[in-house]
Amino acid sequence: MIRVGLLGCGNVGRIIAKEHVGVKIAALHDRIPGRAEEVAGLCGAEVYRDFAGFVQADLDIIVEAASVAAVREHAEEILLHGKDLVILSVGALADRPFRDRITALAREKGRRIHIPSGAIIGLDNLKVGQIAPLKRLLLRTTKSPESLNLKVDRRMMIFSGRANDCIRQFPKNINVAVALGLAAGREADVEIWIDPAVDRNIHEIIAEGEFGEIFIRVENVPSPDNPATSYLAALSILTLLKNLNEPLVVGT
Ligand SMILES: NC(=O)c1ccc[n+]([C@@H]2O[C@H](COP(=O)([O-])OP(=O)(O)OC[C@H]3O[C@@H](n4cnc5c(N)ncnc54)[C@H](O)[C@@H]3O)[C@@H](O)[C@H]2O)c1
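To keep things clear, this report deals only with the structure shown in the data block.

Helix and strand content of the protein chain: eight helices and 13 strands. On the principal axes, the C-alpha backbone points of the protein chain span a range of 50 × 40 × 35 Å. Going through the 252 residues of the protein chain one by one, you find that 48% of them count as buried. Sequence-distant contacts in the protein chain: of pairs separated by 6 or more residues, those separated by 24 or more amount to 65%. As presented, the protein chain carries roughly 12800 Å² of accessible surface, and 49% of it is formed by carbon and sulfur atoms. Side-chain charges in the protein chain split into 31 positive and 32 negative, and the spacing between the mean points of these groups amounts to 2 Å.

The next point concerns helix 8 (residues 231–243). With 13 residues, helix 8 should reach 18 Å at 1.5 Å per residue; the first-to-last C-alpha distance of 19 Å fits that figure. Every buried residue of helix 8 is accounted for by Ala233, Ala234, Ser236, Ile237, Leu238, Leu240 and Leu241.

The subject of this paragraph is the environment of His81. Checked against the element boundaries, His81 lands in the loop between helix 4 (68–80) and strand 5 (84–87). A residue is classified by how much of its surface remains accessible, and His81, at 32% relative accessible area, is partly exposed. The residues touching His81, leaving out its near neighbours within four places in the chain, are Val55 and Gln56. There is a polar contact of 2.9 Å between the side chain of His81 and the backbone oxygen of Glu77.

Another point: the pattern of salt bridges. Counting across every chain of the model gives 18 salt bridges. Here Asp195 ties to Arg155 by a salt bridge, and the two come within 3.5 Å at their closest N and O atoms. Here Asp195 is found in the loop between strand 9 (189–194) and strand 10 (201–209), whereas its partner Arg155 is found in the loop between strand 7 (136–143) and strand 8 (156–162), with 40 residues between them in sequence. If you follow the salt bridges from partner to partner, you end up with Arg140, Glu191, Arg200, Glu204, Arg217 and Glu219 in one network.

About the thresholds
- Along every chain, residues carry numbers that run from 1 in the direction the sequence is written.
- In keeping with the predicted nature of the model, local features appear solely for residues at pLDDT of at least 70, side-chain atom pairs appear and are counted solely at 80 or more, and the whole-chain, interface and lining totals rest on all residues.
- Only heavy atoms go into the side-chain values, all of them from the structure, while hydrogens and water stay out.
- Elements are defined by DSSP. Helices are runs of H or I of four residues or more, strands are runs of E of two residues or more, and each kind is numbered from the N terminus.
- Buried residues are those whose accessible area, probed at 1.4 Å on protein chains only, stays under 20% of the maximum for their type, while exposed residues exceed 50% and partly exposed ones sit between those limits.
- Here, two residues are considered to be in contact whenever any of their heavy atoms come within 4.5 Å of each other.
- Here the accessible surface of atoms and residues is derived via Shrake-Rupley with a 1.4 Å probe, and residues count as covered only by protein chains that are part of the display.
- For the purpose of charge, His is not counted, nor are the chain termini; Lys and Arg are scored as positive and Asp and Glu as negative.
- In this description, the location of a charge corresponds to atom NZ of lysine, CZ of arginine, CG of aspartate or CD of glutamate.
- Residue count minus one, scaled by 1.5 Å, sets the expected span of a helix.
- Throughout this description, a polar contact denotes any pair of N or O atoms lying within 3.5 Å of each other; where both atoms belong to protein, one of them has to be capable of donating a hydrogen while the other can accept it, and for residues adjacent in sequence the pair is counted only when both atoms sit in side chains.
- Should a side-chain nitrogen of Lys or Arg be within 4 Å of a carboxyl oxygen of Asp or Glu, the pair is scored as a salt bridge.

Encoded structure:
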């Protein structure tokens, strides 16, 4: 059975520990050791207080569900230790030289870096843009004002521009835009809206190409313990892990 290490035992990590299928969660690491210990109670995995011990454990793949900083800090070491890597904090890959470095390292070591669909649906199909370039790729995200510590009485747009500019102004909201760009092979345009009438994170994806038009709308139910994170993001990792070694590959 595939042996998985969890880097980050917060909201997503906890769901993975509770609901994983077809893999063994074997090792846990969090910079707050109490969190890893709590998650160990759910899956029986070994807790490593030091990253050095964690990365040397007998693991096939490490799932990052921690932070952009954790990806920057640890991705290279994970690959150097011969482990595959799942990156949920995809925003880290907006840094082109860093992305090129870890991709080259993965190739050299014969390892793979997986980007799950995260908080959206349809990342796999948008890869058609790598063959037939998209004429338009727009991510329109709508959030509640409270989730951004803002107070407004009507729906309003607070950002419109390219994904790379969004990174500077809203670094916490960039994971989906970066993932879309990597899949489609072109930078996404981004709009961020706040709306006092919504209590869910809503992602709308609009793509146009020679094939026609795509419109995807995802209304994410926030996780009860952390309204900033969607249950869908955790499910996308659980699905990725379950299908890693399946001989029948659907939807890529
Ligand atoms: N791609 C997507 O669509 C998508 C969707 C949801 C969440 N995310 C990202 O996934 C990550 C996890 O989300 P979450 O809701 O579980 O967050 P969370 O804050 O609930 O949990 C993160 C955990 O990681 C730990 N951590 C942070 N930095 C660390 C480091 N350098 N070393 C070790 N542990 C570290 C924290 O202590 C915390 O326990 C976040 O970066 C979030 O932005 C991406």
